[in-house]
Amino acid sequence: MSNQFQLLKQKRFLPFFLTQFLGAFNDNLFKTVLITLVAFHASTLGNLDGATMATLLPGLFILPFFLFSATAGQIADKYEKSRIIRLVKVLEIWIMVFAAAGFYLHQLWLLATALFLMGVHSTLFGPVKYAYLPQQLNAQELVGGNGMVEMGSFVAILLGQVLGAWLAIQPDYALLTSVAVIGIAMIGYVSSRQIPVTPALSAALRIQWNPIIETCRNVKLIWAQQPLWLAIVAISWFWFFGATLLAQFPNMAKLVLHGDESVFILMLTVFSVGVGIGSLLCEKLSRNKAMLGLVMIGGIGLSCFTLDIYWVATHLATVSGMQPYDYHQFLSHANHWRLLIDIALIGVFGGFYIVPLYVLIQTLSEPAYRSRVIAANNIMNALFMVVSALFSIALFKLGYSIPQLFLITALVNVLVMGYLCMRQPNYYTTFKAWFRPKDA
C-alpha cells in the first residue's frame, strides 16, 4: 500500500486531514447556500440586485487574505500549531452561529459579515495547514501527504457546493443549513483536539501588526530566494488558471452546452475528481521527490486539454434552437463525453502541477519562516484570482466568447511554462530527466 494511504492510520495525519477537510467542506457549503439565495431569491433578503451581490460576495471572502495573511503567518510561526488550529475551529463554530441568525432573520448584512469572517477563518488556517505537514511528515512522505490534502480539499469543495446548492432550494433551508454548518464546525473542532502538539519554530518572534509592512518584508524574503519566488508565482498562476475556467463553468453549461444545473454539477464533479486522482498519483509519479519535471508535465496537460475544450465547445456552440437538457441527455452525445474527459484530465494534470510546487515551497522555506512564506503565497494566490476575474471581464468586454477565453488562457499558460523554464532551467532539465529510464 502507498505511504500516502498509510498516513490515514496515523494520529499525526488523520485528525489534521479530517479537520482541514471539514473546514473546506463547511466553507463551500455556506458560501454556496448564500450565493444561491442571493442569485435566485434576493427578494427574501431585501431590496437587492441579486446578480451584483452574487458577484461581490466572493470578493468579500477573498478580502481577508489581503488584510490578515501577513499576521496569520507570524502567528503560525510564533505559537504551537495544534493550539492555533483548535482556536480557529472554535471561531468557526461561533461564525456559523452568527450565520444561522442571518438565515433565520433574513438579514444579508449578517450573512455577509459571516462570509467575511469565514474568509478570516481560512486566512488564519492556511499558513498553519501547509506549515504543519513538514513538521509531522518526513521528506519521503511530503509528496504523498500534500497529495492527500489537495485531494481532500477538492473533494470537500465539491461536496460542499453540491450539498449547499441542494439545501438552498429546500423550504426549510434556514433550519437545515444552520444545523449543517454548526454541526460540521463542531465535528471539526472535535477532530482538531486529536491533532498532536506541533511546536512553534519562532517562539521569540515579535509580531508586526501592520500588514503592509509585514507583507513587504515577506515579499523581500521570498524575492531573495528566486526558486522560492518562482514556485509561488507558479502556484498563483495555477489559481489564476483554475479560477478563470471554473468561474465560466455555470455559463458554459447553460449558454454553450445548452444544459441545466445538473450539467454544471456534472462538470464540477468530473473536474474535482480529476484533481483528486492527479494529486494522489503524484507520489508514485514523482518517485517520492518534489520533481519540477512533473510540474511541466502538468502545465503541458493543462494547455492541451483546455485547447481541446475550445475546439469541442466551439463546434457545440454553433448548434442552436435546442431545449436545455439534463445530465442524462447530455451524456447521450459522444462529443460531450470528449469534453468531460478533457475536463477530467485538466483536473488530473492540475494535480500533477500543484502538488510538487507546494512540496517545493515547504522544503525551500526556512523552518522558522515557513508559515510567513506560505502566508505570502496566499496573498499572491488571492491577487492572481482577482486579476483572473478582471482578465475575464476585459476579454468579454472585447467581444470574446467563453470558448475563446479558454483558448487564450491555454495559450498564456504556454507562455508561463516557458517563463518558468527560462528563469529556472531546472524545470526543463527535470522534465527531460523524468522520462529517462531509472538505470540511465
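Described below are features of the structure shown in this document. If you're wondering where the values come from, they're calculated on a predicted model, not measured in any experiment.

Calculation notes
- Residues numbered from 1 in each chain as written.
- Predicted model: local features only at pLDDT ≥ 70, side-chain atom pairs only at ≥ 80, totals over all residues.
- Heavy atoms only, no water.
- Helix = DSSP H or I, 4+ residues; strand = E, 2+ residues; numbered from the N terminus.
- Rg over C-alpha atoms; globule rule 2.2 N^0.38 Å.
- Buried < 20%, exposed > 50% of the residue type's maximum accessible area, 1.4 Å probe, protein only.
- Contact = heavy atoms within 4.5 Å.
- Areas by Shrake-Rupley, 256 points an atom, 1.4 Å probe, with all protein chains shown as cover.
- Lys, Arg positive; Asp, Glu negative; His and termini not counted.
- Charge placed at Lys NZ, Arg CZ, Asp CG, Glu CD.
- Disulfide = S-S within 2.5 Å.
- Expected span 1.5 Å × (residues − 1).
- Bend = angle between axes of the 7 residues up to and from the residue.
- Axes fitted to C-alpha atoms, helices over the stretch in contact; angles between N-to-C directions.
- Parallel < 35°, antiparallel > 145°, perpendicular 65-115°, else oblique.
- Nonpolar A, V, L, I, M, F, W, Y, C, P; charged D, E, K, R; others polar.
- Salt bridge = Lys/Arg side-chain N within 4 Å of Asp/Glu carboxyl O.
- Phe/Tyr/Trp six-rings, centres within 6.5 Å; stacked < 30°, edge-to-face > 60°.
- Lys NZ or Arg CZ within 6 Å of the ring centre and 35° of its normal.
- Core = buried A, V, L, I, M, F, W, Y, C linked by side-chain atoms within 4.5 Å.

Within the protein one finds 16 helices and 0 strands. Relative to its length of 440 residues, the protein is compact, with a C-alpha radius of gyration of 21 Å against a globular reference of 22 Å. For the C-alpha atoms alone, the extent of the protein along its principal axes is close to 65 × 60 × 45 Å. Counting across all 440 residues of the protein, residues that qualify as buried make up 55%. For the protein, restricting intrachain contacts to residue pairs at least 6 apart in sequence, the fraction spanning at least 24 positions comes to 85%. When the accessible surface of the protein is totalled, it reaches about 18,900 Å², and 69% of it is carbon and sulfur. Between the averaged position of the 26 positive side-chain charges in the protein and that of its 17 negative side-chain charges there is a distance of 12 Å.

Here we come to the side chain of Ser279. You can see Ser279 is positioned in helix H10 (residues 261-285). Discounting residues that sit within four places of it in the chain, Ser279 has contacts with Gln4, Gly147, Glu150, Met151, Gly351 and Val355.

Summed over all chains, the structure comprises 0 disulfides. No disulfide involves Cys282; its sulfur sits 17 Å from the nearest other cysteine sulfur, which is in Cys304. Judged by its relative accessible area of 0%, Cys282 is buried.

This part is about helix H9 (residues 226-256). Since one α-helical turn is 3.6 residues long, residues separated by three or four positions face the same way. Here H9 spans 42 Å end to end across 31 residues, near enough to the 45 Å set by a 1.5 Å rise per residue. Maximum bend of H9: about 45 degrees, positioned at Phe249, with proline Pro250 one to four residues after it. Looking one or two places after H9, you find His258, whose phi comes out positive at around 60 degrees.

A few words now on the packing of helix H8 (residues 211-223) against helix H14 (residues 370-397). Look at H8 against H14: their axes get within 9 Å of each other, and the N-to-C directions meet at 105 degrees. One finds that H8 runs roughly perpendicular with respect to H14. Counted together, Glu214, Thr215, Asn218, Leu221 and Ile222 of H8 and Arg372, Val373, Ala376 and Ile379 of H14 form the full contact between these two elements. The residue makeup of the contact of H8 with H14, split by class, is 5 nonpolar, 2 polar and 2 charged.

Under the criterion given, the structure shown has 5 salt bridges. Put simply, Arg12 and Glu141 hold a salt bridge, and the shortest N to O gap is 2.7 Å. Linking Arg12 in the loop between helix H1 (3-6) and helix H2 (14-40) with Glu141 in the loop between helix H5 (108-136) and helix H6 (142-168), this pair joins segments that are 129 residues apart in sequence. In this structure Glu141 comes out as buried when scored by relative accessible area, which is 11%. Of the charged contacts, one joins Arg217 and Glu214 as a salt bridge, the two residues approaching to 3.2 Å between their closest N and O atoms. Residue Arg217 and its partner Glu214 are both found in helix H8; the two are separated by 3 residues, about one turn of the helix.

Before going further, it helps to spend a moment on the packing of aromatic side chains. According to the stated counting rule, one finds 20 aromatic pairs in the structure shown. Relative to Tyr132, the ring of Phe16 has its centre 4.5 Å away and its plane inclined at 20 degrees; by these criteria the two rings are stacked. Note that Phe16 is positioned in helix H2 and Tyr132 in helix H5, a separation of 116 residues in sequence. Exposure remark for Phe16: the relative accessible area of 0% places this residue in the buried category. The rings of Phe154, Phe238, Trp239, Phe249, Phe271 and Tyr353 are connected pair by pair, giving a single aromatic cluster. Cation over ring: Lys78 sits above Tyr79, and NZ or CZ is 5.6 Å from the ring centre.

For helix H15 (residues 402-423), spanning 22 residues, the distance from its first C-alpha to its last is 31 Å, which sits close to the expected 32 Å at 1.5 Å a residue. Among all positions of H15, only Ile402, Pro403, Leu405, Phe406, Leu407, Thr409, Ala410, Asn413, Val416, Met417, Leu420 and Cys421 are buried.

Our next topic: the environment of Leu205. Inspection of the secondary structure assignment puts Leu205 in the loop between helix H7 (173-192) and H8. Residue classification places Leu205 among the buried positions, given a relative accessible area of 16%. With 138 residues separating them along the chain, Leu205 and Ile343 place their C-alpha atoms 45 Å apart. Beyond its immediate sequence surroundings of up to four residues, Leu205 is in contact with Gln74, Asp77, Lys78 and Arg372.

Turning our eyes to something else, we now look at the packing of H9 against H15. To characterise two packed helices, one gives the angle between the axes of the helices and the distance between these axes. Running from N to C, H9 and H15 cross one another at 170 degrees; their axes reach a closest spacing of 10 Å. Comparing the axis directions of H9 and H15 gives the class roughly antiparallel.

Turning our eyes to something else, we now look at the nonpolar core. Grouped together as the largest cluster of nonpolar side chains are 90 residues, with contacts concentrated most on Met252, Met267, Tyr353 and Tyr427. The element best represented in this core is H9, accounting for 17 residues. If sequence neighbours within four positions are ignored, Met252 has contacts with Leu257, Met267, Ile309, Ala313, Leu339, Ile402 and Phe406. In this structure, Phe30, Ile95, Leu167 and Ile184 belong to the second largest nonpolar core, which totals 35 residues.

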